[in-house]
Structures are given as structure tokens and as C-alpha cells.
Amino acid sequence: FPVTISVTATVYDPTTGCTSPPSNPITITVNPLPNKPTISVAGSTIICADKSVTLTASQAAGYQWSNSAKTQSINANIAGSYTVVVQNQFGCSSSASDPIIIRTIPLPNPPSVIAEGRTTFCEGEQVGLRVDSPYEVTWNTGEVAKKIVVKQSGNYAASIRNESGCQSPFTGAVRVETKTLPATPIIQKSGIFTLQVSNPTAGATYTWTNNGYRDWE
């Protein structure tokens, strides 16, 4: 609590041995300093480079963090030492808190995706995509596996999570293209000996089979 002091002054003249009447009193109020603050940590002080951890100072009227923040809680995402000074309702500042040391773990590099075959193929075919890594592999499809089998067109990318639980950025996308099959041909008679396709596909090549022997047209 504040302490109030009343101060007056008198003047003594040694040549006469007389003392003046006291001056009008001056009142001085001495406000207390806040207690040294503490910092609580919502999680580990060792974090992946793309994460953050929340630091919260003990309750006060004002806050001044070592990273220039002025809120009670901050999200620390850069390695370093964090301290806080607090102010009370009188505007008096405390001493600095004990430091909290934040350490960051670098992210693993993006893995390489290996296509086990052609990435452009006809409908009904497929290609395996794999990542050769000792770590857990996550694909942008949501699958968690070192290898996936792809049957549809799309962009496919992978990320790995290392032993520290830190996840790499995704790789550049591997593009897979599936081509639409031509329509199933319908054969009909045309005259006595002529067969023709009634729904031809432009530019397509047709294979004719006669008693097990193939003739190309």
C-alpha cells in the first residue's frame, strides 16, 4: 500500500540563535513496487520451427516484454530468452522476471516422391508413388503411408514427420493424368460382307478379330 509522508522545513540562524516557524507541509506519497513477475508456459519450451508456445505473465496492470509486446500473454515462435516487467496501478515497474528460454528445432527437408511408372496413362490403369524415408509420410490426400497407389488425375505431394514430431513442408506436386478411354465400338452389318463401326472415334485405330486372328485397319 502507498505510504504518505508529511514534510516541513525550518530555518535556524546561528547568529541569533533563532529558528523560523515551520513551512507549510508538503505531502509525499511513496507507492509500492510490484512483486517480481512470473511467466507460465503453455507447453514445451522446445518447439518445431513452424510452431509457437504461449507465455503468460502473472496478473498486473501493465506489461512490457523483452520482445516489445505489451499484452499479458504472447506467442513465442522465435528462439531466444523472454522476460517481462510488469506495472501496477500506480505506474510503478517491477524488476524483470526470470528468463524463459525458447529453443526451436529445424524442420526436415521436403522428401522426394518417386513415381513407379508412367504418370500419364489410360483409365483403369494406376501408378505407385512412394517416398523412401525412415520417417512417417503424410500425403496431401490425407493418407499416411510410405507408398500410395494413384488411379485418378490430380496433384500429389508428400511431407515427412521426424522423430522430434516436426513436419516438413510438402514436396512440389507430382502431376498424374488419366486419359479417357474411347467409347466401346458397336459393330453392325453393312451389306453382305462388310462390317463397320457405327460410332467411330476420330483418329482411333481399331483391331478386328476373326476366329482368333487379328486384322488391323
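Look above for the structure.
Residues numbered from 1 in each chain as written. Predicted model: local features only at pLDDT ≥ 70, side-chain atom pairs only at ≥ 80, totals over all residues. Heavy atoms only, no water.

(A) Layout of the overall build of the protein chain. From N to C terminus, the protein chain includes zero helices and 24 strands. Here the C-alpha atoms of the protein chain give a radius of gyration of 40 Å, more than 25% beyond the 17 Å that 2.2 N^0.38 yields for 217 residues. Overall, the protein chain is about 155 × 35 × 25 Å in size when its C-alpha atoms are taken along their principal axes. The buried share of the protein chain, reckoned over its 217 residues, is 24%. Relative to all contacts within the protein chain whose residues are 6 or more apart in sequence, the contacts with residues 24 or more apart total 41%. (Helix = DSSP H or I, 4+ residues; strand = E, 2+ residues; numbered from the N terminus. Rg over C-alpha atoms; globule rule 2.2 N^0.38 Å. Buried < 20%, exposed > 50% of the residue type's maximum accessible area, 1.4 Å probe, protein only. Contact = heavy atoms within 4.5 Å.)

(B) Expanded view of the nonpolar core. Counting residues in each nonpolar core, the largest one holds 15 residues, and the members touching the most others are Leu55, Tyr63, Trp65, Val84 and Ile102. If you list the elements that add at least two residues to this core, you get β7 (53–57), β8 (62–65), β9 (73–76), β11 (84–87) and β12 (100–105). Ranked by residues supplied to this core, first place goes to β7 with three residues. Counting 13 residues, the second largest nonpolar core, distinct from the first, contains Val127, Leu129, Val150 and Ile160. (Core = buried A, V, L, I, M, F, W, Y, C linked by side-chain atoms within 4.5 Å.)

(C) Broad picture of a nonpolar patch on the surface. A cluster of nonpolar side chains, contributed by Val3, Ile5, Val7, Ile26, Ile28 and Val30, occupies part of the molecular surface with about 480 Å² of accessible area. Taken together, the elements giving at least two residues each to the nonpolar patch come down to β1 (3–7) and β4 (26–30). Relative to the helices and strands, Ile28 is located in strand β4. By relative accessible area, Ile28 is classed as partly exposed at 40%. (Patch = residues over 30% accessible without salt bridge, like charges linked within 9 Å, V, L, I, M, F, W, Y side chains within 5 Å. Areas by Shrake-Rupley, 256 points an atom, 1.4 Å probe, with all protein chains shown as cover. Salt bridge = Lys/Arg side-chain N within 4 Å of Asp/Glu carboxyl O.)

(D) Structural view of the sheet that holds strand β6 (residues 46–48). In spatial order, the strands read β6-β12-β10; together these three strands make up an open sheet with mixed pairing. Each edge of the sheet is formed by a strand with only one pairing partner; in this case those strands are β6 and β10 (80–82). Pairwise comparison of adjacent strand axes, ignoring direction, gives a mean angle of 35 degrees for this sheet. In this sheet, β12 lies alongside β6 in parallel orientation, the contact comprising three bridges. Bridging across to β12, Cys48 finds its partner in Ile105. (Pairing = 2+ DSSP bridges. Axes fitted to C-alpha atoms, helices over the stretch in contact; angles between N-to-C directions.)

(E) Seen up close, the sheet that holds β9. Strand order across the open sheet formed by three strands is β5-β7-β9, with antiparallel pairing between neighbours. The open sheet is flanked by β5 (39–42) and β9, the only strands paired with a single partner. Strand-to-strand twist of the sheet, defined as the mean angle between neighbouring strand axes without regard to direction, takes the value 25 degrees. Bridge analysis of β7 against β9 gives four bridges, and the strand direction is antiparallel. From the neighbouring strand, Thr56 faces β9, where its bridge partner is Ser73.

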